[in-house]
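# Descriptive structure summary
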Number of protein chains: 2
Amino acid sequence: MAVAARAHPALRWDGRVLAILDQTLLPAREHWVELEGAADTTAAIRRLAVRGAPLIGIAAAYGLAMEVARRPGPGPLAEAAALLAGARPTAVNLGRAVERVRAAALAAEPAGMAAAARAEAERIHAEEDAASAAIAAHGADWLAGRRRLVTHCNAGALATAGYGTALGVIRGAAERGKRVAVFADETRPFLQGARLTAWELVRDGIETTVITESMAAPLMRDGRIDIVVVGADRIAANGDTANKVGTYTVALVAREHRVPFYVAAPVSTIDLDTPDGGRIPIEERDGREVTHVKNIRIAPEGAKVYNPAFDVTPHALIAGIITERGIARAPYSESLAAIVGRSLASST
Amino acid sequence: MAVAARAHPALRWDGRVLAILDQTLLPAREHWVELEGAADTTAAIRRLAVRGAPLIGIAAAYGLAMEVARRPGPGPLAEAAALLAGARPTAVNLGRAVERVRAAALAAEPAGMAAAARAEAERIHAEEDAASAAIAAHGADWLAGRRRLVTHCNAGALATAGYGTALGVIRGAAERGKRVAVFADETRPFLQGARLTAWELVRDGIETTVITESMAAPLMRDGRIDIVVVGADRIAANGDTANKVGTYTVALVAREHRVPFYVAAPVSTIDLDTPDGGRIPIEERDGREVTHVKNIRIAPEGAKVYNPAFDVTPHALIAGIITERGIARAPYSESLAAIVGRSLASST
């Protein structure tokens, strides 16, 4: 089953080959890249050609399914699964999606491994698509009259299936006729906000203003922001949330100005096995992402660079976590467990 | 009198022509531009070829002096003074320096206008040089054992005369043998931190790590930062401080982590006529600074941009204001008035 395409999807699956929109080239170029196995899919995830916690889960699932079709058998399966799961450390969706496809393949008869892996990858894709749709369907309710939003990084169609999570909320509200105004912070160093979120929202005709990250604080101080909605890469059992570096700063700034700060994420991003944010592995990336924009050097040689890709927002700063199963509120150790349990119960 | 050059100065005055290091081209190119009057000096200030509150005061003073030498008389003087003073609105040093040169020229005999204007501009330059030197001389004392610093934007030799203000503190401490480690946040959109602060400090052999602005918060949360020191464009009578956009965010983040936040600035930046930060005019600049890096477009067409060049940090977030006359502490309405009074008393 090929999952139905939505507005500007970030990947296309034809049952055999995975095509991804190369997100490193947006907004200048819309260039699609075909992936055919575990190695090229891992490389695409590492270089951020495909990114966003739910989306890299989907891509890795297809990557493993394609590899199983090419090289059936438990040895190559284990090798490819380890490669894909290790592509990036922070998003829980990645390892979880790979594990699901691996387990499905192993549970099948040898002759059926490839079909089982493919079916499981398509199931993950469909689930993420449904999660985005469910989040978007209630977008107007989640916003509850608040129409001027700040979002950080990209939690849209380029980060998930379907409409996205944070951008799913926004799109859902816009579709119900709400006049939302989005302030997309550019999100250094990779500029997902300026390059990707603004690109998505402008295409949808949603009012979008690009700001640098540090402009959110004066905007809030001037009373020009009603709510912050961001995505997540991993949500610990206590509600601490790892997301793109900068999220923690936006959350602190929002609290100072009494602007509610929400996380929107599929249940697949919740990791009850990680008790708190201190246990979430934080990826550090190449300093060149900071010192260069494309091939232009913006920092002198001789300077060191610190480039963590994520930070952790403590649960105390989060007003609510919006999921396809409803909204979790403090105390998160209870509400998140209940939401994950509901999801498991309904799927078994 | 030509003011003695210090390590990599940002401008050179030969008594007739003002040469400025074009800061838009750093760190890639060290290109000097010669200015000869009010119009080209105004243009250089507007396009940020010369920047930093004290430095644009000095440049504007020389710009007016050069114009008076070319076109003596009260009419051209008034016209040139208005042009230069209006180049940028936020830094108080600019209008103040222009007014001093204008008044000096008007007070002179017609035949002596040019000489009087030049002498006043050189006096302003020398005063700023001395202020930086005085701030640097006590750098090690100001830091009081704290060696891991965050600074925002550039308050160095490229923003002032001499060693700079925030970077003056740092250089002064380094010269006394303190092993300081500076985290220079890149400072979007114009990248003064990555392009200018890191360039200055690396040349001085001071350990420098470039980060994006949002990485200060996780660094502080990990206990890796001891103090924040920044410059200022205008300090109101109550201590509210306008500085490069992003300063307010760093100050909020510092308070959350109990990291002391200091402003280092010459007395020329204190504006007792402005009662509080709400009255400081905030410049909004061309959106292209946000949507482009050099000629690379990083945000899609169709997105709006909000690009305030400064924000205001409320006095309550400021642990102290370091000046050449000592450190002001809360209540600032008293301590700043005392420092400005001392300065006036000692100069009359």
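One can find the structure itself at the top, above this paragraph.
The notes below deal with the structure included here.

What counts, and at which threshold
- Residues numbered from 1 in each chain as written.
- Chains lettered and ligands numbered in written order.
- Predicted model: local features only at pLDDT ≥ 70, side-chain atom pairs only at ≥ 80, totals over all residues.
- Heavy atoms only, no water.
- Helix = DSSP H or I, 4+ residues; strand = E, 2+ residues; numbered from the N terminus.
- Rg over C-alpha atoms; globule rule 2.2 N^0.38 Å.
- Contact = heavy atoms within 4.5 Å.
- Areas by Shrake-Rupley, 256 points an atom, 1.4 Å probe, with all protein chains shown as cover.
- Lys, Arg positive; Asp, Glu negative; His and termini not counted.
- Charge placed at Lys NZ, Arg CZ, Asp CG, Glu CD.
- Pairing = 2+ DSSP bridges.
- Salt bridge = Lys/Arg side-chain N within 4 Å of Asp/Glu carboxyl O.
- Polar contact = N/O pair within 3.5 Å; in protein donor to acceptor, adjacent residues only side chain to side chain.
- Nonpolar A, V, L, I, M, F, W, Y, C, P; charged D, E, K, R; others polar.
- Axes fitted to C-alpha atoms, helices over the stretch in contact; angles between N-to-C directions.
- Parallel < 35°, antiparallel > 145°, perpendicular 65-115°, else oblique.
- Core = buried A, V, L, I, M, F, W, Y, C linked by side-chain atoms within 4.5 Å.
- Buried < 20%, exposed > 50% of the residue type's maximum accessible area, 1.4 Å probe, protein only.
- Least-squares fit on C-alpha atoms with pLDDT ≥ 70 in both.

### Some thoughts on the overall build of chain A
Summing up its helical and strand segments, chain A has twelve helices and 17 strands in all. Computed over the C-alpha atoms, the radius of gyration of chain A is 19 Å, within 12% of the 20 Å expected from 2.2 N^0.38 for a compact globule of 348 residues. Dimensions along the principal axes, computed over C-alpha positions, put chain A at roughly 65 × 50 × 40 Å. Pairs at least 24 apart in sequence give 74% of the contacts found in chain A among residues at least 6 apart. On chain A, roughly 12,200 Å² of surface is accessible, and the fraction owed to carbon and sulfur atoms is 51%. Charged side chains of chain A number 40 positive and 39 negative; the gap between the two group centres comes to 3 Å.

### Details of the sheet that holds strand β4 (residues 148-151) of chain A
In space, the eight strands of this open sheet follow the order β17(A)-β16(A)-β10(A)-β7(A)-β4(A)-β5(A)-β6(A)-β14(B), with mixed pairing throughout. The open sheet terminates on both sides in strands that have one partner only, identified here as β17 (326-328) of chain A together with β14 (304-305) of chain B. The pairing of strand β10 (residues 261-264) of chain A with strand β16 (residues 320-323) of chain A spans three bridges and is parallel. Paired with A:Val263 across the bridge in β16(A) is A:Ile321.

### Considering the interface of chain B and chain A
Each partner contributes to the interface: chain B provides 51 residues, whereas chain A provides 51 residues. Counting across the interface, chain B meets chain A through six salt bridges. Close ionic contact of A:Glu186 with B:Arg188 constitutes a salt bridge, the shortest N to O distance being 2.6 Å. Remark: the boundary between chain B and chain A carries 19 residue pairs in polar contact (both at pLDDT 80 or more). Elements represented by at least two residues in the side of chain B that touches chain A include exactly α8 (192-203), β6 (207-211), α9 (216-221), α10 (247-256) and β14 of chain B. Per-element accounting of the side of chain B that touches chain A gives the leading share, six residues, to α10(B). When grouped by side-chain class, the residues that make up the side of chain B that touches chain A number 28 nonpolar, nine polar and 14 charged. When strand β14 (residues 304-305) of chain A meets β6(B), the two strands line up parallel, connected through two bridges. When the bridges of β6(B) are listed, A:Val305 appears paired with B:Val210.

### Some points on the packing of helix α3 (residues 74-85) of chain B against helix α4 (residues 92-107) of chain B
All names here are of chain B. At a closest axis distance of 9 Å, the pairing of α3 and α4 adopts a crossing angle of 170°. Our classification of the angle between α3 and α4 gives roughly antiparallel. Where α3 approaches α4, its residues Pro74, Leu77, Ala81, Leu84 and Ala85 are matched on the opposing element by Leu94, Gly95, Val98, Arg102, Ala105 and Leu106. Class assignment of the residues belonging to the contact of α3 with α4 gives a composition of nine nonpolar, one polar and one charged.

### Looking at the sheet that holds strand β2 (residues 18-21) of chain B
Residues and elements named next belong to chain B. In spatial order, the strands read β1-β2-β3; together these three strands make up an open sheet with antiparallel pairing. One side of each edge strand has no neighbouring strand; the edge strands of this open sheet are β1 (11-13) and β3 (32-35). With direction set aside, neighbouring strand axes in the sheet form an average angle of 20°. Pairing analysis gives three bridges linking β1 to β2, with the strands arranged antiparallel. Within β2, the residue paired with arginine 12 across the bridge is alanine 19. Helix α2 (residues 53-70) contacts β1, β2 and β3 of the sheet and is inclined by roughly 30° relative to β1.

### Let's talk about the nonpolar core
Counting 70 residues, the largest nonpolar core has A:Met220, A:Val228, A:Val263, B:Met220, B:Val228 and B:Val263 as its most contacted members. Ignoring sequence-local partners within four residues, the contact set of B:Val263 consists of B:Val230, B:Gly231, B:Ala232, B:Ile235, B:Thr241, B:Ile318, B:Gly320, B:Ile321 and B:Ile322. Of all hydrophobic cores here, the second largest spans 45 residues; its members include A:Trp13, A:Ile45, A:Tyr62 and A:Trp199.

### Digging into the relation of the copies chain B and chain A
Taken as rigid bodies, chain B and chain A are interconverted by a rotation of 180° and an axial shift of 0.0 Å, the fit giving an RMSD of 0.0 Å. In short, the pair behaves as if placed about a two-fold rotation axis. Both copies present the same face, since 100% of the interface residues in chain B are matched by interface residues at the equivalent positions in chain A.

Purely geometric numbers; function is a separate question.
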